[in-house]
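# Analysis of the macromolecular model
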Amino acid sequence: MKLKKQWIDKIPPIIQHDGPKTSLLLRSPGKFGLGQVPQSSAPDRTTSMVCGFCSTGCSLNIHIKDNQAVNITPDSDYPVNIGMACPKGWEALEPLKADDRATTPLLRKDRDSELEEVSWEVAMEQFREKFSAIQAQHGDESVAFISTGQIVTEEMAFLGALAKFGMGMKHGDGNTRQCMATAVVSYKQSFGFDAPPYTYQDFEKSDVIILIGSNLCIAHPIMWQRVERNKLNPEIIVIDPRTTETAVAATQHYPIMPKSDLIFFYGIAHILIRNGWVDGQFIQSHTNEYEGFASHVEKFTPEMVEKQSGISVEMLEKLAATIHAGKNVSFWWTMGINQGHEATRTAQAIINLALMTGNIGREGTGANSITGQCNAMGSRLFSNTTGLLGGHDFTKATDRKKVADILEIDESRIPNEPSLAYDQIIQGIHDGKIKGLWVIATNGAHSWIHQDKYNEAMKKLDFLVVQDMYSSTESAVNADLILPAAGWGEKDGVFINSERRIGLVKKVSRAPGLALSDFNIFKLVAQYWGCGEMFQKWSSPEKVFQILTELSKGQPCDISGIKDYRILDDTKGIQWPCNEEDVSKLTSQNERRLFADGKFYHSDGKAKFIYSDPTPIAEPTNTDYPFILLTGRGSSAQWHTQTRTKKSAILRKLYPESIYIEVHPTDAERLNIQANQIIKISSRRATVEATAYISTSVQVGQLFMPMHYAKSNRLTHASFDPYSRQPSYKHCAVCILT
Ligand SMILES: Nc1nc2c(c(=O)[nH]1)N[C@H]1C(S)=C(S)[C@@H](COP(=O)(O)OP(=O)(O)OC[C@H]3O[C@@H](n4cnc5c(=O)[nH]c(N)nc54)[C@H](O)[C@@H]3O)O[C@H]1N2
Ligand SMILES: Nc1nc2c(c(=O)[nH]1)N[C@H]1C(S)=C(S)[C@@H](COP(=O)(O)OP(=O)(O)OC[C@H]3O[C@@H](n4cnc5c(=O)[nH]c(N)nc54)[C@H](O)[C@@H]3O)O[C@H]1N2
Ligand code: SF4
Ligand SMILES: [Mo]
């Protein structure tokens, strides 16, 4: 079916809502009825909204004067952060004011010319012309999109629906592939649905808290504060090759050999079974495949595990004994697990420990994957990339029909298979199958693994569109078209945090120049593409939210009880699920966890033990490349590729300005490296220079480089977990050139 074109005069005057009147008039005279921006003189006020950085989802009070947000204080009534915020939260307004904000669309006439300012009319015309010409010549699947976990859920859903149902794209993935894909696949296979079971109160109710590949103090500082509030004098166990800030604060640290976690956890399961420290009743009533698992782990004897993981038999026995002694044991994992060559099975080995000891569904327990970005959970359920909107499945005819009926679209517009994964899209570009790419709110030119290969792919594209708050990002500077976007604080919608809590984000500030909210950009694209009619009901973020609640009906993530935004404000965010019955029971301090009834989402209501044999790492060290390079978060003041956090003068004081690498004193001495010396680090892909920080936080033979400096991903090796296709950022072989 070809959709009818609708021309510019039918576009609703949406542009007028975003930028200030003056710059609109200066920059884009013309067709959009610009004289109507109200210059309101609203009284000073304070409103609260969820933070736009990490997945903790703290609520911040925003103080507004003369209709502009001027200051932030943490919200003391919100059940997540209870009056606390980390430096990024306190400084969240600063990135909005930066000089390099994208304020107007920028277009490159051809590959060799400079980016030039153009009006939205020209930008949208080019967008339509270039992408539709590519599709006409090479097929619908020759244009793809890469989205994000950092825009509001309503925007993600709009993008996913527009690109796939409206524009006929088959392939679109998100930066959540770099981050959460492993947790998604693990939960789906083990529980029957992608469902992190916990509530943050579990940090306070656990007597044994096990943090695996998670540097909570740095990456989720307010979750760490929740651990600190625990009055049970808990054992805090950190399993991490590095002596991180979190490991230093723990009661037990297991400095595991990188990527030996699968063997390690099978070894712990072996000891628990050998000692009879399992919950037979729970296993019997609520799980499948336990016998197979128990015989699988027989060969992972403590002696064998000691050799592979570097953790002594005594320590292994101690960990198992601590788990057994705990009343409420909680297991938490983050990127040290998700980003690995056998990440899915490793996450499932953690899930298996919780299941076999009955540590799930009760307070202070759980197999708990911590998410990363402010709306990673929103993207998992509603981005329409890997899964069909609302936690549905592209491959199921009944799911496609349900979604088509609710959206009142032709069922044939819904693809019957999930998209290619991020790495397959990049490979598709290299292979000449994908010629057009639309990148939204992610900076892959810095953050994707094996960066040089990524950038080569970008050069091969016929047309690259980057939609971002800034025109200066590593991704934007190489685009053919930059679409200027409003950021957090400049638009409305919801985020879903790590404990499944849906929280509101509000427009408290005006986007600069001609920048538009992503929502309004998608609306414009729909109009220009000629599929505006399909999205007639998608008139505002709140209207879209209501459509999403309807789509979720009957799913484990059912939120059909949440009728409007107001209730989210009144109840301080609501955790999914929340159907009409649940909503009547909500209190202002509501905290809910999943699986209290022991029912999982597989058709027989049981969880599944999933396991397989360990596999070799992709790039082992050798005499030429003798060091293991680890990468990750460097400080609580740095956010990913730094497009936002480097805009705050206060945050900039809290971290080193240029790239550094941590080296153990023994290695430094052997290679005659002095503190703060600039050294060269080489992998099979590139050589980069960095300042040497000599520190016992890394083990001998291991190096750590934060991901916040663009060069780090020139070194990383592009290998992927086979089930989740998540990149293995935390292991590659390098040498130090002396
Ligand atoms: N300040 C700040 N906070 C953030 C972010 C940020 O950029 N800055 N990003 C957010 C996002 S999107 C995410 S995903 C989270 C990430 O949060 P985390 O996952 O906690 O952060 P990382 O530093 O990437 O990795 C955690 C730890 O994994 C360890 N590790 C490496 N290899 C292994 C291994 O083989 N086994 C084990 N057990 N551990 C290993 C590393 O040493 C590291 O300390 O943080 C979120 N919060
Ligand atoms: N070596 C190494 N690499 C890693 C990791 C690692 O541990 N090691 N971690 C990986 C992980 S877990 C993650 S999540 C990724 C993150 O990687 P990215 O997603 O590339 O990182 P960000 O810097 O958060 O990029 C977000 C972009 O969106 C823009 N933006 C922010 N808000 C908005 C908005 O509302 N609208 C629009 N249109 N744009 C907006 C920002 O300016 C920025 O350019 O990095 C991955 N890369
Ligand atoms: S912990 Fe996360 S959500 Fe809370 S203020 Fe800091 S960045 Fe924002
Ligand atoms: Mo992430």
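A brief structural summary. (Residues numbered from 1 in each chain as written. Chains lettered and ligands numbered in written order. Predicted model: local features only at pLDDT ≥ 70, side-chain atom pairs only at ≥ 80, totals over all residues. Heavy atoms only, no water.)

## Here we look at the sheet that holds strand β19 (residues 574–575)
Here 3 strands make up an open sheet; going across it, the order is β17-β18-β19 and the pairing antiparallel. Edge positions in the sheet fall to β17 (490–496) and β19, since each has one partner strand and no second. When strand β18 (residues 501–507) meets β19, the two strands line up antiparallel, connected through 2 bridges. Note on β19: the bridge partner recorded for Ile502 is Ile574. (Pairing = 2+ DSSP bridges. Helix = DSSP H or I, 4+ residues; strand = E, 2+ residues; numbered from the N terminus.)

## Notes on the nonpolar core
In terms of nonpolar packing, the biggest core is built from 130 residues, with Phe264 and Trp438 touching the most fellow members. The greatest single-element share of this core, amounting to 9 residues, is contributed by helix α10 (residues 261–274). Two domains share this core, each providing at least three of its residues, namely domain 1 (106–179 + 374–530) and domain 2 (181–369). In this view, Phe264 contacts Ile239, Tyr254, Ile256, Val305, Ser309, Ile311, Leu316 and Leu319; residues no more than four positions away in its chain are not counted. (Core = buried A, V, L, I, M, F, W, Y, C linked by side-chain atoms within 4.5 Å. Buried < 20%, exposed > 50% of the residue type's maximum accessible area, 1.4 Å probe, protein only. Domains from an automatic or database assignment. Contact = heavy atoms within 4.5 Å.)

## Quick notes on the packing of helix α18 (residues 397–407) against helix α23 (residues 541–552)
Where α18 meets α23, the axes come as close as 10 Å, and the angle between the chain directions of the two elements is 150°. Between α18 and α23, the interaxial angle falls into the category roughly antiparallel. In this structure, α18 meets α23 at a crossing whose hand is right-handed. Note on element contacts: α23 touches α18 through Ile547, Glu550 and Leu551, opposite Lys402, Val403, Ile406 and Leu407. (Axes fitted to C-alpha atoms, helices over the stretch in contact; angles between N-to-C directions. Parallel < 35°, antiparallel > 145°, perpendicular 65-115°, else oblique. Left-handed = near helix turned anticlockwise from the far one by under 90°.)

## Observations concerning the pairing of strand β22 (residues 660–663)
Taking every second residue as pointing to the same face, both faces of β22 are buried, with Tyr660 and Glu662 on one and Ile661 and Val663 on the other. Of the strand pairs in this sheet, β22 and strand β25 (residues 702–706) are connected by 2 bridges, and their pairing is antiparallel. By the bridge assignment for β25, Val663 is matched with Leu703.

## Points about the site of ligand 2
With respect to spatial proximity, 35 residues lie near ligand 2, and among them Asn175, Ser447, Asp468, Asp518 and Thr641 are the closest. Between ligand 2 and Gln150 there is a distance of 2.7 Å, counted from an oxygen atom to a side-chain nitrogen or oxygen. Separating an oxygen atom of ligand 2 from a side-chain N or O atom of Asn175 is a distance of 2.7 Å. Here ligand 2 loses 99% of its free accessible area of 930 Å² to cover by the protein chains. Elements supplying a minimum of two residues to the shell around ligand 2: α20 (444–447), β15 (463–468) and β21 (627–632). (Near = heavy atom within 4 Å. Polar contact = N/O pair within 3.5 Å; in protein donor to acceptor, adjacent residues only side chain to side chain. Areas by Shrake-Rupley, 256 points an atom, 1.4 Å probe, with all protein chains shown as cover.)

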